[in-house]
Structure formats: C-alpha cells, structure tokens
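Per-entry structural report
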Amino acid sequence: MNKTLTLDMNRVEGDLQVKVSVADGVVQDAWMLGTMFRGFEQIMLGRAPMDALVITPRICGICGTGHLYAAVSALETALQIPSAPNGTRVRNICLMAEEIQSDARHAFLMFTIDLCHKRYANMDGYSQIVEAFEAFRGRIYRATVVQTKKLLEIVALFGGQWPHSSYMIPGGVATLGNRRAIVKSLSIVDAYTQWYEREVLGCSLDRWLAIQSEDDLFAWLDEKSEHRNSAFGLFLGFAKRIGLEKLGRGNGNLLSYGVYFDPEGFQPPYRDRVCLRPGGFYDAETQTIQPFSQEHVAEHVKYSHFEGEDKGTHPSCGKTIPLFQKGGNKYSWAKAPRYRDQVVETGCLAELYMAGDPLAQSLFQKGGATVFTRQICRFHRPALSLVAIRNMLIALEKRFLDSFYEPPKEGLDGDGDGVGLVHAARGALGHWVGFRAGRITRYQVISPTSWNASPRDSYGRRGHWEQSLIGTPIQDESDPIELGHVIRSHDACLVCAVHFLESGRKYSYVV
Amino acid sequence: MLSLLWIQAGACSGDSMALLSAESPDLLQALEALHIEILWHPSLSTVSLAFVAEPILAGERPLNILVIEGAILTGPDGTGMFDTFQGKPRKDFVLNLCEQADVIVAVGTCAAFGGIPAAHPNPTDAVGMQFLREELEGGLLEAGWRSKKGLPVINLSGCPVHPNTVLQTLAFVATGAKLELDHLHRPAEFYETLVHQGCTRNEYHEYDVEETRLGTAGCMFFNLGCQGPRTIATCNAILWNGQSSKTRAGVPCFGCTSPSFPRPEDLFVTEKLGSVPTRLPLGVDRAAYMSYKGLAAAAVPLRLTNRKTKF
C-alpha cells in the first residue's frame, strides 16, 4: 500500500515542496514542486543590457556574485569585448570568497544541524555532534556565523558590498586598483585559513591537501585525535555511522561548466573556456568525461507551469510563458533542463570531479554520488579555494599597475547575443541574453538548482532529485529526515531556480 | 522572551544573508541580548513552518514580531498561486499571520514597496505589505491597517536592507523605544541620511568633476546614473560589511531604498535636461544649482582635475 508524504522543505533557500510515495518504508516515487515564480525576465525585456548587472544578481541573495559574473560574461561574449586580466582576477577573487563562505554556511548552518536530530541520539558520539553543530547554540555553528561574514568583506573591498553589488562591468571591474584592498584581503584569507585549519580540519592545509583518495582520508582520520575531534572529523565518523554513504544516489551523470576564467586565456573570440577548474560532462554510461558545449543544453516544460512543446528547447530560443493549471500534469514552477538529452547532477562534486581533483574522483569512483560524497567535497573545496584565492590575490598585487578595466570600443546600444556560464557555489549557472538596438529582447537563466530540482521532462524522465530519492528508506513517516539529508546534500537554492518569461504576454491562466 | 517569525514570500533571501553578516553585535549576539526567540526562519530552522504557525494562527501562541521578506505575489488573476505554501496562496497565509502579530516589519524593498518583482510590467502582480511602490494603496494590507500594537507595517527598505538597520529596529521594538516613522513608514532614525553623505567621491561633485565612463575616480551623478544625492540610505555612513559601499567601489547608487526601485530608466545613465540632470539632488533648486555648479567648476583644484584624490 503506497502512502504519499508531502513535505515543505526549509533550509533550501526558497520554496520547495517534496512529494514522495512510500511503501514498506521505502520511497517508491518522488515529485519536486518548485512553488514560487517571480518573472524576472519579463522585467528585463526592453531594458538596457547593462541593467542585467543590477537586476539579475538580485535573483539570488546567496549566489549573487555568481549571477553577476555570468551576466557580465554574457554581455562580453555578445559583443566580443575583451576583459582586462586584472578585472578577471578581481571577479575570481570575489567569486572564490563567496564560494568559501557559502560552503561553510551550507555545511554548518544548513546541513550538519540535521545530525543533531533526536533520531540519532543513541549513536556513538551524538553528544559531541550536538555540542559542535546544534542550531544557534553549537560551537561550530556559532563560529561559522562569526567567521563567514569576514570573507564577505573581501567582496565589499573590491565591489562595495555583499550581497547585491554591480562592480563587474563589460571590460573588467569598476573598482580602481588599490593595494590596501589586496593586503587586507590577504589578511582576511589568512585569518579564515587559521580558523579552518584549527576548528574545521584539525590540521594544516598542507596536510589536508596531501589526502588524495578515500583510503588516505580514513588513514588521516585514524592518524590523530585532533583530526577525529575536528568539525570535519566529527562529521566523517558520524556520517558513516548513520549511513549517509547509502543515501541520495542519482544516475551518476555530472555537469560542470568550469569556473574561474584564466585572466589572459579567456578572451575573444571566447571559444575555449580556459578555466582554473575546467568543466565537462561525466557520462555515467560510458564512464568518460566529455567536453562541455552549451549547445547541448535544453529545457523541457511538459510538467512545468509553462506553455511549450513536448520537447527540449535551447535556452536561446525557448518560449516560456507561464501557464498555471490546477490539476493536470504540470506540477512545478521549475523547468526541466537536460544536457545531451540526459538527466544530470551539478554542484561541488561535479566541479571538483571535472577539475581532476584526486579526492573527489576517488570518492566518486568508490562510492558514487551520494550524500556522503557530496558533503565531503563541500568540506574539501574550501581548502582548495583558500589556496587559490591567496594565489589570485598575490597575482593581482604583482600586476597591480595593469588596468582593471578596458573601456569597450563599442557601446552596448547595438545588437548582440551572448552566453555567460560559470560554476557558482551550488553548480552550473548560465545566463543567455539577446538584445537588439540596445534593448534586451530575451534573457534566460538556468540556475544550479534548476538542474538538480528539475521535475519530469518531455519523456516523463524524473529530475535528478526525484531519481535520487527513490529507494530511500524512511524510518519514521511522520519525520522523514532522510529526505532532508538527500536534498540538502546538494546545497539547494530554490530562490535561484528562476523561470523567465519571454514574450510580451503577461501570463495566461487556466483553471 | 519576544517571539519572532520570519517569512519569505517573493524573495531572493538577500536580506537574510545580509543579516547573517551583521557586524557588532552579530545576529546571534543581538537576539540573545534583546531576548528575541526566532520561532522560525526559512534558512535557519530545523522544525517545519506549519508546525510553528498552527498555534499562532489559532491564537494559542503569542507572536510579538512578524518579519516579512520579499514581495507578496498576488497573481495570476488575484489568485496568489505564483507563490504557494502547502498548495495554498502564500499571501493568504501572510494575511492570517498579520492578524496575530503585535508588530510587523517589512524587511527589504520588495516587502516594503514591491521592489524588483513589482517593476514594469509586474508580471506576478507583486505588491508590498502596505504599499505598492510610492502609494499607500494597493499593498497587501489596507492603508489604515494597524497591528495589534496599533502600528502600521514598519518598512525597512533597501536591496538588501542594511543588517544594522534590521537589528537596531528590532532593538527599538524590544526595548519599547519610540520609533518615528516617515511618510513611507520607515523609521526616521535610519532613513534621514543621503547616500551622498559620506561618499568618498563627493568632493568631485562639489567641484563639478563629472565622469563620463565607469572605472574612474570622480562623481557619477551627472552621467552614470548615480542616485546617491537623491537616495536616503546609510550606505556611506555605516558602510557595508564594515568596509565600503557601492559608490566607493565605483558603482553608481541605484536608489535601492526608494519605493521606485528599480527605476524604469536605464540604470547606468543619467537622464538630463541640457547638460544638467533632470532630477537634481534632493530638494535642490535648479537655477541656484546651475549657478553654484558654474562657480564650483571654476574653483576646481588640479588634484581633482587630475584624479589624484582617490579612495
């Protein structure tokens, strides 16, 4: 006998209703209902292309830096505007700062508090978990609030404020070069690194980065009590005990656009996406990484509250007119993006896997994409990024006298079609823009959570989370914490799963 | 203890994220010092909203402070189905909570005035809690609506609102200090400073050194769309993240605390009448301003002409 559970999920930055059918204590089927629509694109239509730099970062208060980076890149690719290398360095520094703080806030404010659930009260180490991770009171929880905001000072030093600034402009950044900002940012990075080493990892970044495989990881855990008692050590031991490695396996396809453009290498004609962390598509069937190409992105709307045909459409030509119906097939305000016609997962794991990170690759090859693997990657990525942001700041200081901004030779008052693709903290983020005579005629965003939280597509294939939930054991139907583990392991961000209107029509409504 | 319930409607979470970056005191310290208990917040809570809301809606649990973040989406066709909670319009859920709250705080320009979702052509029929853009009419609640404590919705506009403004307003509420509200129902204490005040570029404005392109040191008011001299906000008085502000970083002020944000004109361009902006600094007379500008330009020191003064 199947029973349907409907949950309103919080700590997913936005609105998500999860519907699952359960039989014999196991999830049989799942539906993800994105429950909010704000219509950002209709607002963009007819506006100046530059206005995208003000309006689109405000799609999301969490990854606004990612949106700004994607928006400015879309304008630059549209008109083949070169970007001053120092401008790209500043963009990378700010996106890295956002990513590092986001990983900590996600891990400790959104994810690990679920380990304090009373379900686990009889497990070994529970009291230590609560002491460290409990909401509002836990030692690490409180330290995370204090530490993460300091990283955001770096964004403010270069961009004025976090969140919601518009300092990335076609040709570079608006900020004048200033050594104080660089030196101060370095000291912020160093102070955060010290905290991360002492409290989160229990070892130096050097020791941590020597971990190249899952075996190394557990050898590291056994090595010292400092490792075991660190925030990560507590998580790792407890995660195994409660079986997180068995939860949340998707179909194994991974997608990353790549991130942190090479300041000199990513320039017109913008054909090769030269990145510090290269992107790609991991095809689970052939077990190979294939080069990423944006032509293979398509969105489906058969099960989403939008008008459209029963087939995928590339974001540069899709029609997206909201069509709210009560009853019927359509059940989500999120659309269903597919890559090479396949359901994919995006996020931190995908980013590190495609970038060739040995630990991420080892964990994925041994255990697959699970709650456990994703969450370890989210502790691991900041260690890589703290080194990277430091190097980027030093490179900026060395080239300090070079320009931070090259004014575009041509204004944005003509025609253009551009694509801006970055990997935000939560995964693959793309902006597709078109403008004619200096007015935006279409604007389409596919956010990371659009990929992960996708509903069914034209062929009825479930989205990634929908697939990942099937088979999940539910111990207590009145409190299915397991579902929360799976969804939150993706660092969900529903406010970002925006849906864009294209035509001049306001909306249509069918009862 | 004062109870606080934080609801997001048509929101981006930016006001919440800004609040997590509050300086001194930080969010957790402030809540403890003010004896405020967060009953529920979408990013922070472990329990479900329905569980928390039920006794409040039944009048069995007092709700001292209701915070709303995000615009209220009333479409399509007045149904509110663009934003639902448990399959029902969120606007109705918010209305029911309003009946139970001692004090209601609209956090951010979206909740106060409609903000970006309510910008032309307002595809979701977004409104603010008690205002629709400049008008005390067309919001979710009627003009004369008052909370249990006899207050209209307190508007803390800004995209995002400065975290200091949120925490200090809560401090006023918690301590019972009187909050004077301006004509837009914003606490005057936090809305009587122009962005221009404290802008590190305002000496350039004084001497009429006006930039025509971004990435420069001078004033952005005449040509680059900066709304600093017309916008009431503490950005350059209190600074963001304890460090800087948009105008200091070379980004024009877009007037995000104003009910008209985002304005329909191009955001990086100043509309002009001849060589002078159509909209002058707040309260300034055109003829007097033009003669002052002429004199000021003649007195410009070389260090400004040569852009030697920089932040």
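For every chain, the first residue of the written sequence is number 1, and numbering continues from 1 along that sequence. By the order in which they are written, chains take letters starting at A while ligands take numbers starting at 1. Per-residue local features are limited, in this predicted model, to residues with pLDDT of at least 70; the limit for side-chain atom pairs, both in listing and counting, is 80 or more; totals at the level of whole chains, interfaces and linings are taken over all residues. Hydrogen atoms and water are omitted, and side-chain values are computed over all heavy atoms in the structure.

**A short note on the overall build of chain A**
For helices the rule is a DSSP run of H or I covering at least 4 residues; for strands it is a run of E covering at least 2, with both sets numbered from the N terminus onward. Per the secondary structure count, chain A includes 17 helices and 17 strands. The quantity called the radius of gyration is restricted to C-alpha atoms. Its globule counterpart is 2.2 Å times the number of residues to the power 0.38. Here chain A has a C-alpha radius of gyration of 22 Å; the compact-globule value for 511 residues is 24 Å, and the two agree. Referenced to the eigenvectors of the C-alpha coordinate spread, the extents of chain A come out at roughly 65 × 60 × 40 Å. We call two residues in contact whenever any of their non-hydrogen atoms come within 4.5 Å of each other. Expressed as a percentage of contacts within chain A between residues at least 6 apart in sequence, the contacts between residues at least 24 apart total 72%. In short, Shrake-Rupley with a 1.4 Å probe defines the accessible areas, and a residue's cover is counted only from the protein chains shown. Accessible surface, chain A: about 16000 Å² in total, of which carbon and sulfur atoms supply 49%. For the purpose of charge, His is not counted, nor are the chain termini; Lys and Arg are scored as positive and Asp and Glu as negative. One atom stands in for each charge, and that atom is NZ of Lys, CZ of Arg, CG of Asp or CD of Glu. Placing the 56 positive and 56 negative side-chain charges of chain A at their respective mean positions leaves the two points 3 Å apart.

**Let's talk about the side chain of A:Arg442**
Residues and elements named next belong to chain A. Note on placement: Arg-442 falls in strand 16 (residues 439–446). Among the residues examined, Arg-442 registers a relative accessible area of 12% and is labelled buried. For Arg-442, the side chain forms a polar contact with the side chain of Asp-417, separated by 2.8 Å. Only protein chains enter the accessibility calculation, which uses a 1.4 Å probe; a residue whose area is less than 20% of its type maximum is buried, one above 50% is exposed, and one in between is partly exposed. By the criterion applied in these results, polar contacts are pairs of N or O atoms within 3.5 Å in which, for protein atoms, one can donate a hydrogen and the other can accept it, and in which residues neighboring in sequence qualify only through two side-chain atoms.

**Thoughts on the pattern of salt bridges**
Here a salt bridge means any side-chain nitrogen of Lys or Arg lying within 4 Å of a carboxyl oxygen belonging to Asp or Glu. As enumerated under the stated definition, the model contains 43 salt bridges over all chains in all. Note that A:Lys366 is salt-bridged to A:Asp215, the shortest N-O span being 2.9 Å. With a gap of 151 residues between them, A:Lys366 in helix 13 (residues 358–367) and A:Asp215 in helix 9 (residues 214–223) connect regions that are remote in the sequence. With respect to burial, A:Lys366 and A:Asp215 carry one shared label: exposed. Two residues, B:Glu203 and B:Arg303, come together in a salt bridge whose shortest N-O distance is 2.7 Å. With B:Glu203 in helix 7 (residues 202–206) and B:Arg303 in helix 10 (residues 302–305), this pair connects stretches of sequence that are 100 residues apart. The exposure class assigned to B:Glu203 is partly exposed, which follows from its relative accessible area of 22%. Several salt bridges share partner residues, and in doing so they unite A:Glu99, A:Asp103, A:Arg277, A:Glu351 and A:Arg381 into one network.

**Side note on the interface of chain A and chain B**
Contacts between chain A and chain B engage 69 residues on the former and 72 residues on the latter. When chain A packs against chain B, close to 6100 Å² is buried across both sides, 60% of that on carbon and sulfur atoms. Applying the counting criterion to the chain A and chain B interface returns two salt bridges. Salt-bridge contacts for B:Glu32 lead to A:Arg142; the nearest nitrogen and oxygen are separated by 2.8 Å. Seen at the junction of chain A and chain B, the total is 22 residue pairs in polar contact (both at pLDDT 80 or more). Note on terms: buried area is the combined drop in 1.4 Å-probe accessible area of two parts once they are placed together, counting the loss on both.

**Here we look at the packing of helix 11 (residues 231–241) of chain A against helix 14 (residues 371–398) of chain A**
Residue and element names in this part refer to chain A. Between the N-to-C directions of two axes lies an angle of 0 to 180 degrees, each axis being a line fitted to C-alpha atoms and, for a helix, fitted only over the stretch in contact. Here helix 11 crosses helix 14 at 175°, and the two axes come no closer than 11 Å. On the basis of their axis angle, the class for helix 11 and helix 14 is roughly antiparallel. For the pair formed by helix 11 and helix 14, the contact residues are Phe-232, Phe-235, Leu-236, Ala-239 and Lys-240 on the first element and Phe-372, Gln-375, Ile-376 and Phe-379 on the second. In this count, Pro and Cys sit with the nonpolar residues alongside Ala, Val, Leu, Ile, Met, Phe, Trp and Tyr, while Asp, Glu, Lys and Arg are called charged and the others, Gly among them, polar. Looking at the contact of helix 11 with helix 14 residue by residue, the classes come out as seven nonpolar, one polar and one charged. For this classification, under 35 degrees means roughly parallel, over 145 means roughly antiparallel, 65 to 115 means roughly perpendicular, and everything else is oblique.

**Overview of unusual backbone geometry**
Glycine aside, a negative phi is what most residues show, and trans is what most peptide bonds show. Residue and element names in this part refer to chain B. In this structure, Pro-76 follows Gly-75 across a cis peptide bond, with omega equal to -10°. With respect to the element layout, Pro-76 can be found in the loop between strand 4 (72–73) and strand 5 (84–85). A cis geometry characterises the amide bond from Phe-261 onward to Pro-262, with omega recorded as -5°. By the element assignment, Pro-262 lies in the loop between helix 8 (235–238) and strand 10 (272–273).

**A look at the nonpolar core**
Take the buried residues of types Ala, Val, Leu, Ile, Met, Phe, Trp, Tyr and Cys, join any two whose side-chain atoms come within 4.5 Å, and each joined set is a nonpolar core. Counting 188 residues, the largest nonpolar core has A:Phe158, A:Trp208, A:Leu244 and A:Leu469 as the members making the most contacts within it. Take this core: its biggest share by element is 13 residues, from helix 4 (residues 85–111) of chain A. Listed in part, the 32 residues of the second largest apolar core include B:Ala53, B:Ala111, B:Val127 and B:Leu141.

**Structural notes on the pairing of strand 9 (residues 297–300) of chain A**
All names here are of chain A. Here strand 9 shows two buried faces, one formed by Val-297 and Glu-299 and the other by Ala-298 and His-300. Strands are treated as partners if at least two bridges between them are detected by DSSP. Bridge count between strand 9 and strand 12 (residues 336–339): four bridges; the pairing is antiparallel. Of the residues in strand 12, the one forming a bridge with Ala-298 is Arg-338.

**Quick word on the environment of A:Leu244**
All names here are of chain A. Looking at where Leu-244 falls in the secondary structure, it is placed in the loop between helix 11 and strand 6 (254–261). Leu-244 sits in the buried class, given a relative accessible area of 0%. Measuring from C-alpha to C-alpha, the distance between Leu-244 and Val-486 comes to 8.8 Å, with 242 residues separating the pair along the chain. With residues up to four places along the chain from it excluded, the contact list for Leu-244 reads Phe-111, Leu-115, Phe-235, Ala-239, Thr-370, Val-371, Phe-372 and His-485.

**Focus: the packing of helix 13 of chain A against helix 14 of chain A**
Residues and elements named next belong to chain A. One can describe the packing of helix 13 onto helix 14 by two numbers: an axis separation of 10 Å at closest approach and a directional angle of 170°. Put simply, helix 13 runs roughly antiparallel to helix 14. Contact with helix 13, carried on its side by Leu-359, Ala-360, Leu-363 and Phe-364, involves Thr-373, Ile-376, Cys-377 and His-380 of helix 14 and no other residues of that element. Among the residues making up the contact of helix 13 with helix 14, the classes are represented as six nonpolar, two polar and no charged.

**Focus on the confidence of the model for chain A**
On a range of 0 to 100, pLDDT expresses the predictor's confidence in each residue. Mean pLDDT over chain A stands at 93; residues scoring 70 or higher make up 96%. With pLDDT under 50 throughout, residues 498–511 of chain A is counted as low confidence; its partners more than four residues away or in other chains account for 68 contacts.

**A few points about the packing of aromatic side chains**
Residue and element names in this part refer to chain A. Centres within 6.5 Å make a pair out of two Phe, Tyr or Trp rings, where for Trp the six-membered ring is used; the pair is then stacked when the planes are under 30 degrees apart, edge-to-face when over 60, and tilted otherwise. Scanning the model with the defined rule gives 38 aromatic pairs over all chains in all. Seen from their ring centres, Trp-220 and Phe-232 are 5.7 Å apart, and the 50° between their planes marks the pair as tilted. With Trp-220 in helix 9 and Phe-232 in helix 11, this pair connects stretches of sequence that are 12 residues apart. The two residues Trp-220 and Phe-232 agree in class, both being buried. Between Phe-261 and Phe-266 the ring centres are 3.7 Å apart and the planes differ by 15°, which places this aromatic pair in the stacked class. Here the aromatic residues Phe-108, Phe-111, Phe-133, Trp-208, Trp-220, Phe-232, Phe-235 and Phe-379 are joined through ring pairs into a cluster of three or more.

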